[in-house]
Amino acid sequence: MAVATVVALAALFQPLVASRVPSHPNAACAVFTLPVPVSVQQPVYDIAHVDNDIEATQFAINADTWSFPQPSERVVNNITIDETFDISVQLCVPDEQAKRSSLHLATHGWVFDKRYWDVIVNPSEYSYVQAALDNGYSILTYDRLGTGLSDKPNAYTTVQFPVEIAILSKMTELARTGDILTLAKKSNHALPHVTFEKVIHVGHSTGTFLSSAVISLFPGLSDAAVLTGLPPNKYLNALKATSIGFKRSRGSWPSGYIAGDGRAFQVGFFSDRRNASGFGGFEPGLLEYGNSIQQPITVGEWQSSHSIPPPSASKFTGPVQYVVAEYDFIACLGNCKNTYTLDSLEALFPNVADLDVYIQPATGHGLTMHRGARVGYQATFDWLAEQGL
Ligand SMILES: *[C@@H]1O[C@H](CO)[C@@H](O)[C@H](O)[C@H]1NC(C)=O
Ligand SMILES: *[C@@H]1O[C@H](CO)[C@@H](O)[C@H](O)[C@H]1NC(C)=O
């Protein structure tokens, strides 16, 4: 057997190492810690502590019990979180100069960290980061508060949506002023000097919720939004907490950090149903990859997700694209077709330059880990180009 074949086979059988740093041959990338100051008010909920699996299960039962008081009925206090959080970011700038002053700022959803956007299994097919770089864009990804290499503060009072919205808006400012490049240099990372003139907010699931909140609250910070995996529709809150099989996160996670079980992970994030041409579904290795990068959520986030209405951005005038996974179980109870109307989406964004809906066929909620992912990314880049971005 030729040496090259042996090496290729060895690579194929290597276990997935989640911490491997992805390589992007046509770009300069830096992974570093960004200090992000925020000052924001948010509620303190009357909520039992979750320190073991029994308490995690009871937390889910309470959330689903019809007579149990809603989170909004259990606000005991409001506090101001006035803190600087360490956020782990990856910033990539392509060698090609034509479009690199346009920055994709991508926010991952629940259960993942920034590796959701940068799949290391067959990256030319699955990595959104690689696809953005190939299309000439710069791209910033980060671990949301409480995930990956970012700070893991109090799960009850601190890691909630208002703080996460404040972090995303502050990071957008740091990108626009150029401070983010200064901070990268301080961490000894050599990135080309680029002024980010345009910022395109990209979200997945909870990241879509946070991105649409930012364009709603701070419309001037964004030039466009690509909202994936969370079309507002009649099944959006249909998923029961008890069907996620919550357990206490293993390892050194603080109190109140919880995770779902493995089978629920496949149910929620993966669909193996293909369309009549054989498009869609997933390779088993991608389910394995998704499992290997799983992250906890916090009970505070669960509470805040159920007390804040989906944002509508009446003041946002840039273009918005919804990217819908056809067979999304979490967002649409397994099939997004006919669960919303274009009118209902337009009502949330009445003043946008353009509202586009792209449906990625035969794909589950974890869009970046299904066959044909790159076809969907290209639909986004083609639409952005039409918008002059
Ligand atoms: C907390 O703030 C919200 C929104 O400003 C307000 O409606 C609520 O009454 C406050 N709750 C308490 C207990 O202070
Ligand atoms: C399946 O999806 C692919 C990708 O969008 C598309 O090209 C193909 O026409 C679809 N096949 C059917 C039968 O809908």
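Conventions adopted
Residues numbered from 1 in each chain as written. Chains lettered and ligands numbered in written order. Predicted model: local features only at pLDDT ≥ 70, side-chain atom pairs only at ≥ 80, totals over all residues. Heavy atoms only, no water. Near = heavy atom within 4 Å. Polar contact = N/O pair within 3.5 Å; in protein donor to acceptor, adjacent residues only side chain to side chain. Areas by Shrake-Rupley, 256 points an atom, 1.4 Å probe, with all protein chains shown as cover. Nonpolar A, V, L, I, M, F, W, Y, C, P; charged D, E, K, R; others polar. Core = buried A, V, L, I, M, F, W, Y, C linked by side-chain atoms within 4.5 Å. Buried < 20%, exposed > 50% of the residue type's maximum accessible area, 1.4 Å probe, protein only. Contact = heavy atoms within 4.5 Å. Helix = DSSP H or I, 4+ residues; strand = E, 2+ residues; numbered from the N terminus. Arc of directions from axis to C-beta. Disulfide = S-S within 2.5 Å. Pairing = 2+ DSSP bridges. Axes fitted to C-alpha atoms, helices over the stretch in contact; angles between N-to-C directions. Parallel < 35°, antiparallel > 145°, perpendicular 65-115°, else oblique. Left-handed = near helix turned anticlockwise from the far one by under 90°. Salt bridge = Lys/Arg side-chain N within 4 Å of Asp/Glu carboxyl O.

A. Highlighting the site of ligand 2. In the region of ligand 2, the neighbouring residues are N275, A276, S277, F279 and P361. At 2.5 Å, a side-chain N or O of S277 approaches a nitrogen atom of ligand 2. The fraction of the free accessible surface of ligand 2 (360 Å²) that becomes covered by protein chains is 48%. Across the shell around ligand 2, the residue classes tally to three nonpolar, two polar and no charged.

B. Region of the structure containing the nonpolar core. Membership of the largest hydrophobic core comes to 99 residues, with the highest contact counts inside it found for M171 and F246. Aside from chain neighbours lying at most four places away, what touches M171 is L34, V36, I87, V89, L105, L140 and Y142. Counting 17 residues, the second largest nonpolar core, distinct from the first, contains L227, V320, Y322 and V324.

C. Structural context of the site of ligand 1. Every residue near ligand 1 is listed here: V76, N77 and N78. In this structure, N78 approaches ligand 1 through a side-chain N or O atom, which is 2.4 Å from an oxygen atom.

D. Molecular detail of helix α9 (residues 284-292). Regarding α9, the residues found buried are L286, L287, Y289 and G290. On an axial view of α9, the arc spanned by its buried residues comes to 160 degrees, and they lie on one face. In this structure, the buried residues of α9 make contact with α3 (123-126) and α8 (262-269).

E. Layout of the state of the cysteines. Tallied over the full model, the rule gives two disulfides. Covalent S-S linkage joins C29 and C92, the inter-sulfur distance amounting to 2.0 Å. When the S-S torsion is 115 degrees, as for the bridge of C29 with C92, the disulfide is right-handed. Here C29, found in strand β1 (residues 27-45), pairs with C92, found in strand β2 (residues 75-94); they are 63 residues apart in sequence, far enough to count as distant. On the accessibility criterion, C29 (32% relative accessible area) is partly exposed.

F. Structural detail: the sheet that holds strand β6 (residues 224-228). Sheet architecture is open: eight strands sit in the order β1-β2-β4-β3-β5-β6-β10-β11, paired in mixed fashion. Lying at the two open borders of the sheet, with one neighbouring strand each, are β1 and β11 (355-360). Between one strand axis and the next, the sheet turns through 20 degrees on average, direction left out of account. When β6 meets strand β10 (residues 320-325), the two strands line up parallel, connected through four bridges. Looking across to β10, one finds that A225 is bridged to V320. Of the strands in this sheet, β1, β2, β3 (102-107), β4 (138-142) and β5 (198-204) are in contact with helix α5 (residues 161-177), which crosses β1 at around 140 degrees.

G. Spotlight on the environment of V357. Here V357 shows up in strand β11. By relative accessible area, which is 25% here, V357 ends up partly exposed. For the pair V357 and T177, spaced 180 residues apart in sequence, the C-alpha to C-alpha distance is 31 Å. Discounting chain neighbours no more than four positions away, the residues touching V357 are Y322, V324, Y340, L342 and L345.

H. Molecular detail of the packing of α5 against helix α7 (residues 206-217). Viewed as axis vectors pointing N to C, α5 and α7 meet at an angle of 65 degrees, and their least axial separation amounts to 9 Å. Taken together, the axes of α5 and α7 lie roughly perpendicular to each other. Considering the relative orientation of α5 and α7, their crossing is right-handed. Facing F161, E164, I165, L168 and S169 of α5, the residues of α7 in contact are T206, F209, L210, S211, A213, V214 and L217. Grouping the amino acids of the contact of α5 with α7 by side-chain chemistry returns eight nonpolar, three polar and one charged.

I. Spatial organisation of unusual backbone geometry. Positive phi is not limited to glycine here, since N122 has a value of about 50 degrees. Following the sequence through the fold, N122 ends up in the loop between β3 and α3. Residue S205 is not a glycine yet carries a positive backbone phi of 60 degrees. Within the element layout of this structure, S205 appears in the loop between β5 and α7. Residue classification places S205 among the buried positions, given a relative accessible area of 9%.

J. Layout of the sheet that holds strand β8 (residues 257-259). Taken together, three strands build an open sheet; the order of strands is β7-β8-β9 and the sheet is antiparallel. The open sheet terminates on both sides in strands that have one partner only, identified here as β7 (247-248) and β9 (297-298). Here β7 runs beside β8; their pairing, made up of two bridges, is antiparallel. If you follow R248 over to β8, its bridge partner there is I258.

K. Quick look at the pattern of salt bridges. A full pass over the atoms with the stated rule returns 10 salt bridges. Between D53 and R250 there is a salt bridge whose closest N-O contact spans 2.8 Å. Here the residue D53 occupies a position in helix α2 (residues 53-64), and R250 occupies one in the loop between β7 and β8, the gap between them amounting to 197 residues. Looking at D53, the relative accessible area reads 30%, which means it is partly exposed. Judged by relative accessible area, which is 53%, R250 ranks as exposed. Ionic contacts of the salt-bridge type, sharing partners, join the residues R144, E164 and E301 into one network.

Any functional reading would require information beyond the geometric quantities listed.
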